[in-house]
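# Examining the three-dimensional arrangement
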Amino acid sequence: MVTIAIQLYWNIQNYKVNKQRLINEVQISLDNGLEAYYADLAKTDFFAFIEDSNDSIQLDIQHNLTWDQFHKDSTFFEIQSDSIEYTADIRGFTQMLDSSRGISSMRPGHYSSVSVFKGKGVVDSIKGLQNLANKIIVSIIRDSLNFEKLDTLLQSEFKRKDIQITYALKHFKEDAMVDSFNLDNATSFQLNTFAKTTYLPYSEKLQLFFSNPTLTILKRSLTGILLSLLLSASIIACLFYLLRVINKQKELAEIKNDLISNITHEFKTPIATVSAAVEGIQNFNTANDPGKTKAYLDISNQQLKKLHQMVEKLLETATLDSDKLILNKESTDLVFMLQSIVEKYQLFFKEKSIAFKSNVSTFETMVDPFHFENAISNLIDNALKYGGDTVEVHLSSLLNTHEITVIDNGGNLDKSQAEKIFDKFYRVPTGNQHDVKGFGIGLFYTRKIIEKHGGNVHLIPHASNTIFKVVL
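Now for a look at the structure at hand. (Residues numbered from 1 in each chain as written. Predicted model: local features only at pLDDT ≥ 70, side-chain atom pairs only at ≥ 80, totals over all residues. Heavy atoms only, no water.)

### Side note on the overall build of the protein chain
Cut-off, in case you're wondering: Only runs of H or I of at least four residues qualify as helices and only runs of E of at least two qualify as strands under DSSP, and these elements are numbered from the N terminus. Remark: exposure states derive from per-residue accessible area (1.4 Å probe, protein chains only) relative to the maximum for the residue type, with buried under 20%, exposed over 50%, and partly exposed in between. Any two residues whose heavy atoms approach within 4.5 Å at even a single point are treated as in contact. Throughout, the Shrake-Rupley method with a 1.4 Å probe supplies accessible areas, and for residues the shown protein chains are the sole cover considered.
Scanning the protein chain from terminus to terminus reveals 10 helices and 18 strands. Within the protein chain, the fraction of its 472 residues that count as buried is 37%. The contacts in the protein chain between residues at least 6 apart in sequence include a share of 66% that link residues at least 24 apart. Total accessible area on the protein chain is roughly 27800 Å²; 54% of this is exposed by carbon and sulfur atoms.

As structure tokens, then:
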């Protein structure tokens, strides 16, 4: 959780850094666009008086002014010299320049000053023009911005920096807004910045409002976000894997404890019986009665065989997962084998009903008679020990599929138990009761033997019965 929290914090900070970087890039784009705008104006909005080789003045007019760009307080020009003094507004001055009245015969040195008035204030003043050698340049200062042209320049800058935003502009003079661009959408814009370029005239400001381009910012952070998500997903996956391993180890520990308990109970009975028989021979057979001695020895022999069989089962189970267990397959009639198994159990469990049904009278196949019989016997033995009063064994042979089904009416196993019942040493929990002895290896043994015969065994879900099906 701490690691994931750190990843979230890192992504949030990364988003903020990229957001600030984008704002800076928008700021740079705005300044670059304005500088390009004013640089273009500087190339066109001026009047130049050039002295030619004949000591006369030629007029070079570079202007693209439109009168609607100027406010009521129009611009006035005043030219003073020894022989001429002329004052006019920008329109009249342009007309005067176009007609060149009284000016073309004067050299630059003849001018004493050129003044430009905006309202009542002097915008520009050039005095001492006698020191100029060849040229006089009068530059025009505009009162407003051509937003269409500025928009084109800004869009070009944004495209060059791969910035996708919508924006609006406000033009201020003396802190009062004089003009705007796309201002209707400005209310939804969360970010804004002021132009910092020195090209703007004194006391004028240009403010840019723009949208919060979350998608653009996330796109710039995509690599970091993906790596962070990958790391977080890996951590979560490792956590769940660790929990799974811990739960598996817990289950194995419980199975181990159950196995030790079962082995203790299973081994304790024959050992105690043999000990009692030996004690009987030693202490209660002083007359050396051969019949009593034989009886004690038979009891000991039976219990030792039982103990040996249990040990063999444990050792044999250890070989099932390896290739050490070699099957000796031979042609065997499964109908006869199953009929024999059912008849044997009918003798031991007379209080229960056990029946065998088959859709064929004989069925010869290649199996290991010893191991295969033990595998099927385990299923029937479980059905008789843990199931109900009625057990049925079915053999069905259809084309290339052969099924052996063992059904008892003992009730359906819980789904969680059904998934584990074929695991090694697993037994369905019954608390501290040990009414039925065992190690939990019968069904594991059955599954392994059936798989080594090329088949499979599984538990069929049913509402009222327990059904095991072997498919060959």
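### Let's talk about the nonpolar core
Under the convention used in this document: What we call a nonpolar core is a set of buried Ala, Val, Leu, Ile, Met, Phe, Trp, Tyr and Cys residues that are connected through their side-chain atoms within 4.5 Å.
In this structure, Leu334, Phe372, Ile376, Ile380 and Ile404 are the most contacted members of the largest nonpolar core, which totals 35 residues. Taken together, the elements giving at least two residues each to this core come down to helix 7 (334-348), strand 13 (353-358), helix 8 (369-386), strand 15 (390-398), strand 16 (401-408), helix 10 (442-452), strand 17 (456-460) and strand 18 (466-471). When residues no more than four places from it in sequence are discounted, the contact partners of Ile404 are Leu334, Leu338, Phe372, Ile376, Val393, His394, Leu395, Phe468, Lys469 and Val470. Core analysis: the next-biggest nonpolar cluster, separate from the first, contains 24 residues, Leu34, Leu145, Ile165 and Leu169 among them.

### Brief notes about the sheet that holds strand 15
Condition: Here, any two strands with at least 2 DSSP bridges between them count as paired. The convention used is that axes are lines fitted to C-alpha atoms, helices contributing only their stretch in contact, and that angles between N-to-C directions extend from 0 to 180 degrees.
The sheet built from five strands is open, its strands ordered 13-15-16-18-17 with mixed pairing. Of all the strands in the sheet, the pair left with one neighbour each is strand 13 and strand 17. Put simply, the sheet's adjacent strands are angled 15° from each other on average, direction ignored. Bridge count between strand 13 and strand 15: six bridges; the pairing is parallel. When the bridges of strand 15 are listed, Lys357 appears paired with His394. Packing of helix 8 onto the sheet brings it into contact with strand 13, strand 15, strand 16 and strand 18, and relative to strand 16 it is tilted by some 30°.

### Remarks on the packing of aromatic side chains
Operational definition: Centres within 6.5 Å are what make two rings of Phe, Tyr or Trp a pair, Trp counting through its six-membered ring; a difference in plane orientation under 30 degrees is then read as stacked, over 60 as edge-to-face, and the rest as tilted. Ring-over charges, as used throughout, are those where CZ of Arg or NZ of Lys falls within 6 Å of the ring centre and within 35 degrees of the ring normal.
One pass over the structure, following the stated rule, counts five aromatic pairs. Judged by centre distance (5.6 Å) and plane angle (70°), the rings of Phe158 and Tyr167 are edge-to-face. Like Phe158, the residue Tyr167 is buried in the burial classification. Residues Tyr167 and Phe181 carry aromatic rings whose centres are separated by 6.3 Å and whose planes lie at 40° to one another, so their mutual orientation is tilted. Highlighted residues: Tyr167 in strand 8 (residues 167-173) and Phe181 in strand 9 (residues 176-181), separated in sequence by 14 residues. Of the residues examined, Tyr167 reaches a relative accessible area of 4% and is grouped as buried. One aromatic cluster in this structure is built from Phe147, Phe158, Tyr167 and Phe181. Directly above the aromatic system of Phe194 lies the positively charged group of Lys205, at a separation of 5.9 Å from the ring centroid.

### With respect to the packing of helix 7 against helix 8
Which entries qualify depends on this criterion: Orientation labels follow simple angle bins: below 35 degrees gives roughly parallel, above 145 gives roughly antiparallel, 65 to 115 gives roughly perpendicular, and whatever is left gives oblique. By definition, any crossing whose near helix is turned counterclockwise from its far helix by less than a right angle is left-handed, and any crossing with a clockwise turn is right-handed. For this classification, Asp, Glu, Lys and Arg are treated as charged, while Ala, Val, Leu, Ile, Met, Phe, Trp, Tyr, Cys and Pro are nonpolar and the rest, including Gly, are polar.
Across the interface, helix 7 lies against helix 8 with an axial gap of 10 Å and an inter-helix angle of 40°. Relative to helix 8, the element helix 7 lies oblique. Handedness of the crossing formed by helix 7 with helix 8: right-handed. Across the interface between the two elements, Leu334, Met337, Leu338, Ile341, Lys344 and Tyr345 from helix 7 touch Pro369, Phe372, Glu373, Ile376, Ser377, Ile380, Asp381 and Leu384 from helix 8. Looking at the contact of helix 7 with helix 8 residue by residue, the classes come out as 10 nonpolar, one polar and three charged.

### Details of the environment of Tyr296
Residue position: Tyr296 is located in helix 6 (residues 290-320). Residues Tyr296 and Ala277 lie 19 residues apart in sequence; the distance between their C-alpha atoms is 5.0 Å.

### A word on the sheet that holds strand 8
Across the sheet, four strands lie side by side as 9-8-11-10; this open sheet has antiparallel pairing. The open sheet has two edge strands with one neighbour each: strand 9 and strand 10 (191-194). Sheet twist, expressed as the mean angle between neighbouring strand axes with direction ignored, is 20°. Direction of pairing for strand 10 relative to strand 11 (residues 204-210): antiparallel, over a ladder of four bridges. Each residue of the ladder has a partner; that of Phe194, found in strand 11, is Gln207.

### Considering the pairing of strand 15
Of the two faces of strand 15, only one is covered, namely that formed by Val391, Val393, Leu395 and Ser397; the face formed by Thr390, Glu392, His394, Ser396 and Leu398 stays uncovered. The hairpin formed by strand 15 and strand 16 contains two residues between the paired strands, and Leu399 there has a positive phi angle of roughly 50°.

### Here's the deal with the packing of helix 8 against helix 10
As a packed pair, helix 8 and helix 10 sit with axes 9 Å apart at the nearest point and diverge in direction by 140°. Between helix 8 and helix 10, the interaxial angle falls into the category oblique. The way helix 8 lies across helix 10 gives a crossing that is left-handed. Taking contact as the criterion, the partners of His371, Phe372, Asn374, Ala375, Asn378, Leu379 and Asn382 in helix 8 are, on helix 10, Gly442, Leu443, Tyr445, Thr446, Ile449 and Ile450. Residues belonging to the contact of helix 8 with helix 10 are distributed by class as follows: seven nonpolar, six polar and no charged.

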